[in-house]
Amino acid sequence: MTLARFKPFAALLGLAAAATLALALPSAAQAQDKPKIIRISYSGAGTGGRPITGGTIISTAHQQGVLEKEFARDGIKIQWTFNPGAGPATNEQLANGLADFAHHGDLPIIIGRSTGLRTKILFSYTRFGSSYITGPIDSQAKSLEDLKGKRLAVFKGTASQLALGRILKKHGLTERDFKTVSMDGDTLRAAIATKDVDAGFIAPFDLQARGVGKLIYETGPDPDLTSQGVFWVSEDFERKYPDIVQRVVTTLIKVAAWSSDERNREAQYKLWANSGTSYYEYQKTFADTPLKWRLSPLLDDYFVDNLKKSIVQAKEFKLIRRDVDVNGWLAPQYLNAALKELKLEGYWPEFNAAGKPKLAQK
Amino acid sequence: MHKLRQADLRGLVLPLALLALWYALTALQLVNTKLIVPPGAVLATAWKVVTGGELLAGLQASLLRDLAGFTAGAGAGILLGLLLGVSRPAERLVGPTFHTLKQISLFAWLPLLSTWLGTGEAAKILFIALSAFYPVALGTFEGVRSVTRAQVEVARVLGFTRRQRIWRLVLPAAAPQIATGLHLALLYAWLATIGAEYLLGSAAHGIGSVVIRGKAGFHVELIIVGMLLIGAVGMVLNRAAAALEARVLHWRGPGHGSGH
Amino acid sequence: MNTVSTSAAPTAGSSAAYRELGAKHATQPGLQPGIQPGLESATHPGKGARPTLHALAAACGARILALAAGLVLPLLLLGLWQYAVERHWLAEQILPPPALVRDSLVELWQNGDLTANLAISLKRLGWSLLIGGGSGLLLGIAMGISPAVKAYVYPSFQLAAQFPVIGWVPLLIIFAGIGEALKVSAISIAVVVPVAVNTYQGIRNIPRALLEVAAVYRFGMGQTIRRLVLPAAAGGIFSGLRQGVMQGWLALVFVELLASSEGIGYLMVWGRQLLQLDIVVVGMLVIGTVGIVLDRLLAWGEARLQGWQRRAF
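Residues numbered from 1 in each chain as written. Chains lettered and ligands numbered in written order. Predicted model: local features only at pLDDT ≥ 70, side-chain atom pairs only at ≥ 80, totals over all residues. Heavy atoms only, no water.

Peer 1: Would you mind going over the overall build of chain B with me for this structure?
Peer 2: Helix and strand content of chain B: ten helices and zero strands. In chain B, the succession of α and β elements from N to C terminus is α-α-α-α-α-α-α-α-α-α. Within the span of chain B, comprising 260 residues, buried residues form 49% of the whole. Taking as baseline every contact in chain B between residues at least 6 positions apart, the subset at least 24 positions apart corresponds to 70%. A total of about 12500 Å² of accessible surface is found on chain B, and carbon and sulfur atoms cover 69% of it. (Helix = DSSP H or I, 4+ residues; strand = E, 2+ residues; numbered from the N terminus. Buried < 20%, exposed > 50% of the residue type's maximum accessible area, 1.4 Å probe, protein only. Contact = heavy atoms within 4.5 Å. Areas by Shrake-Rupley, 256 points an atom, 1.4 Å probe, with all protein chains shown as cover.)

Structure follows, in structure tokens:
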């Protein structure tokens, strides 16, 4: 009679045991050599948060669907996550184990590594881009000094913040000389249009075309001030599926070659314009430099040196609290293998630490 | 009867006057019509957007989220309120923590929650549940505490089991305060739903996200229409909750309640 | 229509409900609502036995026991937190260890960031309370005293009051930008509603008899307001102020998280963007502390008010 009291308890125990077994089995079976899904995070999104982007070879690859085609025969799905929250959001995904690969700006991934997030850099995706400070149409400011004490907007925690820091440092200023507000791209554009901020770290062209913005400051393609981005793989994923990593890299480098071909410039702008940023703006922001320079994926001296400098700057601007060690962070073997396989060695010029091409331009 | 009708009409004077002013300002071009859009344009957009389906789909998504969070939070709230009210030791242990955590303003929870759970549904629903939890827990606690000794004695005399005591005495006795708590929770939950959508980005589905997209794309008509819908839902919820609350109090009969 | 019972369905923003819940939970947690031992003896000094040493010690002991009991759960939660950190239930980047939170709190305090941002937030709250509270009071009094004003304004006000405060923000951003004007106006709106509603209802609930007394004494408008209306409705007004403060604080946190360059909400945004979640937690702690302080201040004020009211009669 007394034991009957435990009947429901026993049932519960049995259920729990069954559940545990059910959960354990798949993980036992998971010692395969292929993932079911590859998760790629993109530190950005199109206008209004739409899941189409532009401006990088990864955006091109996404729109061309090359990775989906490559892995279709293995039955592996590709899951793209576009983050309107940019770099910081990608970091959170990485921390939660929700991202295998990612497109990421230098500052956010430096921040991530400084807090212990483990990734391997596969290749880079941007350099020598110009930085712009844009103000409302009736802005009287002619230089950064004119903006002192005024409201300056930048997306905090992203590569833009570090780029802004570099620019300010060059002029002997810091973020504290302004009232800095954090805003994402969409919000920033709207804020400039309504004159809610006195200036923002964003390209002026679309705003100028609409008659609501004015360029206040521009760096031009300065190798010391430019921002670079990286494409990484999580250490976990790389350890488990190195061959998949290689295939991803090779596929993307092929796209990079297509992207860097001057003959494809217009077609690429058209693809990128699907993100909501206009053809015109891409045209203007990519005008200054050869595509092979802007979109170079190489992990050359310039890249490594710039990365180390960025780490120092991040610490100086108090954007990270702990030091970051570059050792063991880069995994250039995949890039090199891809270049070899695709016979693209020498296609992209290598740059030295000062940002000058090492050899004569091909 | 005549007096009633007169008062009704007078209440309309102010809104009508404001509407007229709005129309006049925009028609006479006295204000920046990009910012202060003419009422006609708002109506046109409203029609287009409502029939277009995006707004209604967003509204539906928001309401579902609201319902899910509210149910979870209210349920948990009733349970905790009951526990705290019935058991003195529980109240000694949990009460102070509960009341202290209550002081953390609602939206302060959102950054942490969304970091842990992402910007998807989980974080939003948990946040909404949190917003509904506190008012309901407080109301239930309040109501349970208001059960008098005499009533408990009657229950004992009638030989109620513990479960019967809770179901047939405590909860009904606490019904008015629980109803009040639920009323507040309904309002807070809708507030939390919209607030979370504003703060967690424009990509998701929801009426708040639609408004934020409108703000980003600078479609003021969209913002106004969205706002009106949000306000309308808030009003409907308030009215419904008030009516239910009145029902509960009526069912309890006059002279009962929290002793007023 | 004027019977003060909770069966009268709350009109705008369920103010009656607020009053009930809000007022009752002004008291110390753990005490029975409605019983306030301190006040009892303060207002009826002859009644009850003089507290003996034994009784005093017993009361002290009870207090200490209550305190200890109350600390059990927080300590357990702290332990759980530390355990979760060590066992990596969540990645360490998004679950900061308690020690780091403590260190960050100290650091932010010492380098002045915390006080600077907190001061800005409190200043905003202060201004909004002044503007919103003041307008709410005026509006409530106007509606309460003059049936004409009430007839014209109350329905629209009721409508606007049921609108979630947050709903106003995008429109306000369009009109007021994202500067101080936005913050103060949004928070003021949040404050106006409960203050006006409660003031109005407080006045409405003044017993007819008192108004007749005022008529007998031939009080002028100013005198009526100062010497009759305000004191009689003080309970309701204060209740409105209480809710106004809490609603205002709620709106403040929201607005600062949404668009700000300074303030305690901004501090949390900053922390999150830089993946320094410990700063986010510090922000939450500070917000909670301010909430507690505000609540206690208002409770103290209300108790004084009630005491005064009782003594007055």
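Peer 1: Any chance you could explain the overall build of chain A here in plain terms?
Peer 2: A tally of regular secondary structure across chain A gives 15 helices and ten strands. Across its three principal axes, chain A shows a C-alpha extent of roughly 90 × 55 × 40 Å. A buried classification covers 56% of the 362 residues belonging to chain A. If you average the places of the 48 positive and of the 38 negative side-chain charges in chain A, the two averages end up 3 Å apart. (Lys, Arg positive; Asp, Glu negative; His and termini not counted. Charge placed at Lys NZ, Arg CZ, Asp CG, Glu CD.)

Peer 1: Would you explain the packing of helix α3 (residues 54-86) of chain B against helix α6 (residues 121-145) of chain B in this entry?
Peer 2: Helix-helix packing: each pair is described by the crossing angle between the helix axes and the interaxial distance. All names here are of chain B. Close contact between α3 and α6 brings their axes to 5 Å; oriented N to C, the two are set at 35°. In this structure, the crossing between α3 and α6 has a hand that is right-handed. Per-class residue counts for the contact of α3 with α6 are 19 nonpolar, six polar and five charged. (Axes fitted to C-alpha atoms, helices over the stretch in contact; angles between N-to-C directions. Left-handed = near helix turned anticlockwise from the far one by under 90°. Nonpolar A, V, L, I, M, F, W, Y, C, P; charged D, E, K, R; others polar.)

Peer 1: Teacher, can you tell me more about the confidence of the model for chain B here?
Peer 2: Predicted coordinates in regions of low pLDDT should not be interpreted in detail. Residue and element names in this part refer to chain B. Confidence along chain B averages 82 in pLDDT terms, with 89% of residues attaining 70 or more. The least confident element of chain B is helix α1 (residues 2-27), whose mean pLDDT is 72; the most confident is α6, at 91. With pLDDT under 50 throughout, residues 256-260 is counted as low confidence; its partners more than four residues away or in other chains account for eight contacts. (pLDDT = per-residue confidence, 0-100.)

Peer 1: Please clarify how the sheet that holds strand β2 (residues 77-82) of chain A should be interpreted in this entry.
Peer 2: Sheets are built from strands paired through backbone hydrogen bonds, the pairs being either parallel or antiparallel. Residue and element names in this part refer to chain A. Strand order in the open sheet made by the five strands is β2-β1-β3-β10-β4, with mixed pairing throughout. The open sheet terminates on both sides in strands that have one partner only, identified here as β2 and β4 (119-126). Across the sheet, the axes of successive neighbouring strands diverge by a mean angle of 20°, strand direction being ignored. By the bridge criterion, five bridges tie strand β3 (residues 101-105) to strand β10 (residues 229-234) in an arrangement that is antiparallel. Residue pairing in the sheet places Ala 102 in a bridge with Trp 232 of β10. (Pairing = 2+ DSSP bridges.)

Peer 1: Honestly, the nonpolar core in this entry has me stumped. Any pointers?
Peer 2: Looking at soluble globular proteins, one finds that nonpolar side chains tend to be buried together. All names here are of chain A. Grouped together as the largest cluster of nonpolar side chains are 183 residues, with contacts concentrated most on Ile 38, Phe 101 and Leu 122. Not counting residues within four places of it along the chain, the set of residues in contact with Ile 38 comprises Phe 71, Ile 76, Lys 77, Ile 78, Gln 79, Asp 100, Phe 101, Phe 237, Ile 244 and Val 248. Residues Leu 147, Leu 173, Phe 178 and Phe 201 belong to the second largest nonpolar core, which totals 17 residues. (Core = buried A, V, L, I, M, F, W, Y, C linked by side-chain atoms within 4.5 Å.)

Peer 1: Is there a simple way to think about the pattern of salt bridges in this case?
Peer 2: Residue and element names in this part refer to chain A. Taken as a whole and judged by the stated rule, the model has 31 salt bridges over all chains. In this structure, Arg 118 and Glu 235 form a salt bridge, with 3.6 Å as the shortest nitrogen-oxygen distance. Linking Arg 118 in the loop between α5 (106-114) and β4 with Glu 235 in helix α9 (residues 235-240), this pair joins segments that are 117 residues apart in sequence. Residue Arg 118 is classed as partly exposed on the basis of its relative accessible area of 44%. Across the salt bridge formed by Asp 323 and Lys 315, the nearest N and O atoms sit 3.1 Å from each other. A network of salt bridges, in which partner residues are shared, links Lys 34, Glu 70, Arg 73, Asp 74 and Arg 247. (Salt bridge = Lys/Arg side-chain N within 4 Å of Asp/Glu carboxyl O.)

Peer 1: How should I be thinking about the interface of chain C and chain B in this particular structure?
Peer 2: Where interface size is given, it is often the accessible area lost as the parts come together that is meant. Taken together, the contact between chain C and chain B spans 66 residues of the former and 68 residues of the latter. Taking both sides of the interface into account, the surface hidden between chain C and chain B amounts to around 6000 Å²; carbon and sulfur atoms contribute 72%. Linking chain C with chain B are zero salt bridges, by the criterion used here. Here chain C is connected to chain B by five residue pairs in polar contact (both at pLDDT 80 or more). The set of elements that each furnish at least two residues to the side of chain C that touches chain B consists of α1 (15-24), α3 (53-86), α6 (147-161), α7 (168-176), α10 (221-258), α11 (264-273) and α12 (277-312) of chain C. Among the elements that take part in the side of chain C that touches chain B, α12(C) stands out by supplying nine residues, more than any other. Among the residues forming the side of chain C that touches chain B, the class breakdown is 47 nonpolar, 15 polar and four charged. (Buried area = accessible area lost by both parts, 1.4 Å probe. Polar contact = N/O pair within 3.5 Å; in protein donor to acceptor, adjacent residues only side chain to side chain.)

Peer 1: Would you explain the interface of chain C and chain A in this entry?
Peer 2: Residue-level contacts link 24 residues of chain C with 28 residues of chain A. Here chain C and chain A share three salt bridges between them. Across the salt bridge formed by Arg321(A) and Asp278(C), the nearest N and O atoms sit 2.8 Å from each other. Among the elements of the structure, α4 (98-110), α11 and α12 of chain C are those that each provide at least two residues to the side of chain C that touches chain A. With four residues, α11(C) is the largest single contributor of residues to the side of chain C that touches chain A. Each residue belonging to the side of chain C that touches chain A can be placed in one class, and the counts come to eleven nonpolar, eight polar and five charged.

Peer 1: What exactly am I supposed to notice about the packing of aromatic side chains here?
Peer 2: The description of two aromatic rings rests on the distance between their centres and on the angle between their planes. A full pass over the atoms with the stated rule returns 26 aromatic pairs over all chains. Look at Phe101(A) and Phe237(A): their rings are 5.2 Å apart centre to centre, the planes differ by 65°, and that puts the pair in the edge-to-face class. You can see Phe101(A) sitting in strand β3 and its partner Phe237(A) sitting in helix α9, a full 136 residues away along the chain. On the numbers, 5.7 Å between centres and 90° between planes, the contact of Tyr83(C) with Trp89(C) is edge-to-face. A relative accessible area of 37% places Tyr83(C) in the partly exposed class. Linked through ring pairs, Phe101(A), Phe123(A), Phe231(A), Phe237(A) and Tyr241(A) together constitute an aromatic cluster. (Phe/Tyr/Trp six-rings, centres within 6.5 Å; stacked < 30°, edge-to-face > 60°.)

Peer 1: Even after reading the chapter, I still don't get the pairing of strand β6 (residues 151-154) of chain A, so can you show me in this structure?
Peer 2: Every other side chain in a regular strand lies on the same face of the sheet, so the side chains alternate between the two faces. Residue and element names in this part refer to chain A. Sheet topology places β6 next to strand β7 (residues 179-182); four bridges connect them, and they run parallel. Residue pairing across strands places Val 154 opposite Ser 182, the latter belonging to β7. Both β6 and strand β8 (residues 199-200) contribute to a ladder of two bridges, which runs parallel. Following the sheet pairing, Leu 152 is matched in β8 by Ala 199.

Peer 1: Sorry, what's going on with the confidence of the model for chain A here?
Peer 2: Summarising the model, chain A shows a mean pLDDT of 87, and 90% of its residues fall at 70 or more. Contacts from residues 24-31 of chain A, a stretch scored under 50 in pLDDT, to residues over four places away or in other chains number zero contacts.

Peer 1: Where do I start with the packing of α5(A) against helix α6 (residues 159-170) of chain A in this structure?
Peer 2: Residue and element names in this part refer to chain A. Between α5 and α6, the least distance of the axes is 6 Å, while the angle of their chain directions is 105°. The angle between α5 and α6 places the two elements in the roughly perpendicular class. In this structure, α5 uses Asp 106, Leu 107 and Pro 108 to contact α6, whose residues at the interface are Ala 159, Gln 161, Leu 162 and Arg 166. Counted by class, the contact of α5 with α6 contains four nonpolar, one polar and two charged residues. (Parallel < 35°, antiparallel > 145°, perpendicular 65-115°, else oblique.)

Peer 1: Sorry, what's going on with the environment of Gly143(B) here?
Peer 2: All names here are of chain B. Mapped onto the elements of the fold, Gly 143 is located in helix α6. Overall, the relative accessible area of 0% leaves Gly 143 in the buried class. Along the sequence, Gly 143 and Leu 171 sit 28 residues apart, while their C-alpha atoms lie 8.0 Å from each other. Aside from chain neighbours lying at most four places away, what touches Gly 143 is Ala 174 and Gln 177.

Peer 1: For this particular structure, what's the right way to read the environment of Leu100(C)?
Peer 2: Looking at the secondary structure, you find Leu100(C) in helix α4. Distance from Leu100(C) to Gly79(C), taken between C-alpha atoms, is 15 Å for residues 21 residues apart in sequence. What Leu100(C) contacts, discounting residues up to four positions off in sequence, is Arg321(A) and Asp278(C).

Peer 1: What is the right way to read unusual backbone geometry from this model?
Peer 2: Excluding glycine, a negative phi dihedral is what most residues carry, and trans is how most peptide bonds are arranged. A positive phi angle, close to 55°, is found at Lys343(A), a residue other than glycine. One can find Lys343(A) in the segment after α15 (332-341). Judged by relative accessible area, Lys343(A) falls into the exposed class, the value being 71%. Located in the positive-phi region is Leu275(C), a residue other than glycine, with phi close to 55°. Looking at the secondary structure, you find Leu275(C) in the loop between α11 and α12. With a relative accessible area of 3%, Leu275(C) lands in the buried category.

Peer 1: For this particular structure, what's the right way to read the side chain of Ser104(C)?
Peer 2: Along the polypeptide, Ser104(C) turns up in helix α4. Discounting residues that sit within four places of it in the chain, Ser104(C) has contacts with Arg321(A), Asp278(C) and Val282(C).

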